[in-house]
Amino acid sequence: MLNVVWLLLLVSGIIVAGLNGNIEVVTQAALGAARDAVQVCFNLIGIMALWLGIMKIAEKGGLINGLAWLLRPLLVKLFPGVPPRHPAMGAIILNLSANVLGLGNAATPFGMKAMQELQKLNNDSKEASAAMCTFLALNTSCITLIPATIIGVRASFKSADPTEIVGACIFATSCAMIIAVSLDYFFRTYSHWGRK
Amino acid sequence: MFMSILTAVSRWAIPFLLLVVPVYGFCKRLPVYETFVEGAEEGFYTAVRIIPFLVGMMVAISVFRASGAMDYLIQALLPLMQKLGAPAEVLPLGVMRPLSGSGALGLATELIKVYGPDSMIGRMASVMQGTTDTTFFVLTVYFGSVGIKKYKYALITGLSADITSLVASIYICNLLF
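Residues numbered from 1 in each chain as written. Chains lettered and ligands numbered in written order. Predicted model: local features only at pLDDT ≥ 70, side-chain atom pairs only at ≥ 80, totals over all residues.

This brings us to the overall build of chain A. What chain A contains, in helices and strands, is ten helices and zero strands. Ordered by position in the sequence, the α and β elements of chain A form the string α-α-α-α-α-α-α-α-α-α. Along the first, second and third principal axes, the C-alpha set of chain A runs to 60 × 50 × 35 Å. Split into buried and exposed, the 196 residues of chain A put 49% on the buried side. In chain A, 61% of the contacts between residues at least 6 apart in sequence involve partners at least 24 apart. (Helix = DSSP H or I, 4+ residues; strand = E, 2+ residues; numbered from the N terminus. Buried ≥ 20, exposed ≤ 12 C-beta atoms within 10 Å, placed from the backbone. Contact = placed C-beta atoms within 7 Å.)

This is the structure:
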């Protein structure tokens, strides 16, 4: 799936640029993006280190297990493949809470921690587990109570009411989340990927 | 009132965590600083590990976008969007949203600047930008950090959520504003 998408993006881009006679755009875009990707990761290093450091303290102090205990009934339903007391549960909760609060830069480190814990249950396979797919379905469609960046943009262009779009955002994201979770359940239960 | 509470919560959340977690750990007699460093080291390696995955994905998306291939996709989707009641101007943003976070923010800002934040186009752009995450970025980074190469159905699920969110944004804006 991903191999095909990746190849399609590249091949269609190169063909279109070639036919339009501006093939040099491809070179610029490719080299520029490669540099940007490293920049993105570079910017992540400090934030990742900070949050995973704080999380380690919370984890060793038992704080995360306490949090996971509170939400266990819901998590057990969503992640039947993960043992209820597994550290992955705590990391998943922290990631989703950070997303809901709009703390994007705290959400990513927690999310990666969750993936690492899920990967331990996945026997270090190269293939995604069902729990990982469910987690990412929740994550990519997660409700943000305060979409701070776009509110900021609206305010900077003198909107009469920069926050008026919040309700609409929550509605649209809720629809997306319902579809994502239902589809994930469907694939996990009935598709050839899920039955393996 | 509700909004100001929400804003206060998001403003206080990080300082609160930075205060409460170390103090709590100290009360539990943990060597807090050493524990922090131990966790921080993992963060460093994780950030470095995702570089190859992100380079691969960002290069492909960037070539797709810069070459003009994305514009053809937008042209092909246009009649469908107009049936849904969306102005043609917002479609590029809808296509960009799952591909690139910074690209989408740039397009949304441009639309808000040109048409005004309180116009229909400005509001639709705001709502589309304020919903769902950048699917390709999240999948690349999260799966990349643990070396997963086969995503199974995660991409289909994520993109379906993006399409749902696009359609729902158009619907709710037409209804509310």
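Having put the structure on the table, let's press on.
The subject of this paragraph is the packing of helix α7 (residues 130-140) of chain A against helix α8 (residues 135-144) of chain B. Between α7 of chain A and α8 of chain B, the shortest axis-to-axis distance is 10 Å and the interhelical angle comes to 145 degrees. With respect to the hand of their crossing, α7 of chain A and α8 of chain B are arranged in right-handed fashion. Of α8 of chain B, the residues touching α7 of chain A (which contributes L136, N139 and T140 of chain A) are T135, V138, L139 and Y142 of chain B. For the contact of α7 of chain A with α8 of chain B, the residue count by class is four nonpolar, three polar and no charged. (Axes fitted to C-alpha atoms, helices over the stretch in contact; angles between N-to-C directions. Left-handed = near helix turned anticlockwise from the far one by under 90°. Nonpolar A, V, L, I, M, F, W, Y, C, P; charged D, E, K, R; others polar.)

In the numbering adopted here, UniProt assigns the feature "transmembrane region" (unreviewed entry) to residues 43-64 and 153-172 of chain B. Between the first and last C-alpha atoms of residues 153-172 of chain B the distance is 28 Å; the span itself is 95% helix and 0% strand. (UniProt positions renumbered as here; feature names shortened; annotations may be inferred.)

Moving on, we get to the UniProt feature "transmembrane region" (unreviewed entry) in chain A. Residue and element names in this part refer to chain A. The UniProt record annotates "transmembrane region" (unreviewed entry) at residues 37-55, 88-107, 128-153 and 165-187. Taken end to end, residues 88-107 is 85% helix and 0% strand, and its first and last C-alpha atoms sit 14 Å apart. Secondary structure content for residues 128-153 is 65% helix and 0% strand, and the end C-alpha separation is 37 Å.

Here we come to the environment of V127 of chain B. For V127 of chain B, the location among the structural elements is in helix α7 (residues 120-130). As for V127 of chain B and E110 of chain B, which are separated by 17 residues in sequence, their C-alpha atoms are 14 Å apart. Sequence-distant contacts of V127 of chain B, that is, excluding residues within four places in its chain, are made with I165, A168, C169 and A172 of chain A together with S169, I172 and C173 of chain B.

What follows covers unusual backbone geometry. Positive phi, normally seen in glycine, also occurs at D124 of chain A, with a value near 55 degrees. On the secondary structure map, D124 of chain A appears in the loop between α6 (104-121) and α7. Despite not being glycine, R29 of chain B has its phi angle at roughly 65 degrees, a positive value. Topologically, R29 of chain B is positioned in the loop between α1 (2-27) and α2 (32-49). Given 8 C-beta atoms within 10 Å, R29 of chain B falls into the exposed group.

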